[in-house]
Amino acid sequence: TTPAPRHQVVWFVIPVRDFVRAVRFYSAVLGAHLKKEQAGPGAAIAVLPHPEGSIGGALVLNIDAHPSGRQF
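These numbers were taken from a predicted model, which means no experiment stands behind them.

**Here we look at the layout of surface pockets**
Space inside the largest pocket adds up to approximately 260 Å³. As for the largest pocket, its lining consists of I14, P15, V16, R17, D18, R21, A22, F25, Y26, A65, H66 and P67. For the lining of the largest pocket, the elements supplying multiple residues, two or more each, are β1 (11–16) and α1 (19–30). Among the elements that line the lining of the largest pocket, the one with the most residues is α1, at four residues.

And the structure:
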């Protein structure tokens, strides 16, 4: 087998402020159920669907997150 490339992306996180709204949006866009999990006290995540062994990601509740269009 060929070894995986170095520095390959295998997991990503999308920080969200409104968890319920984000889960509803991504579920509709992807046409798939997102698996919600509790990652600790007050830390909710929703895993985006992905085939085993492929790049995966999750929505992560972060009340300090800002929309990408915001200027700093």
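**Regarding the nonpolar core**
Core analysis: the largest hydrophobic core is formed by nine residues, namely V16, F19, A22, V23, L34, A44, A46, L48 and L59. When residues of this core are traced back to their parent elements, those giving at least two are α1 and β3 (44–47). If one sorts the elements of this core by residue count, α1 sits on top with three residues. The contact partners of A22, leaving out residues within four places of it in the chain, are V16 and L59.

**Describing the environment of P5**
Residue position: P5 is located in the segment before β1. For P5, a relative accessible area of 57% puts it in the exposed group. Along the primary structure P5 and E52 are separated by 47 residues, whereas in three dimensions their C-alpha atoms are 18 Å apart.

**Considering the packing of aromatic side chains**
Applying the stated criterion across every chain, the model contains one aromatic pair. Considering the side-chain rings of F25 and Y26, the 5.1 Å spacing of their centres and the 85° angle between planes classify their relative orientation as edge-to-face.

Reading guide: rules and limits
- Residues numbered from 1 in each chain as written.
- Predicted model: local features only at pLDDT ≥ 70, side-chain atom pairs only at ≥ 80, totals over all residues.
- Heavy atoms only, no water.
- 1 Å grid on protein atoms, 1.4 Å probe; cavity = no way out; pocket = protein on both sides within 12 Å on 5 of 7 lines; lining within 4 Å.
- Points joined across faces, edges and corners; volume = space filled by probe spheres on them.
- Helix = DSSP H or I, 4+ residues; strand = E, 2+ residues; numbered from the N terminus.
- Core = buried A, V, L, I, M, F, W, Y, C linked by side-chain atoms within 4.5 Å.
- Buried < 20%, exposed > 50% of the residue type's maximum accessible area, 1.4 Å probe, protein only.
- Contact = heavy atoms within 4.5 Å.
- Phe/Tyr/Trp six-rings, centres within 6.5 Å; stacked < 30°, edge-to-face > 60°.

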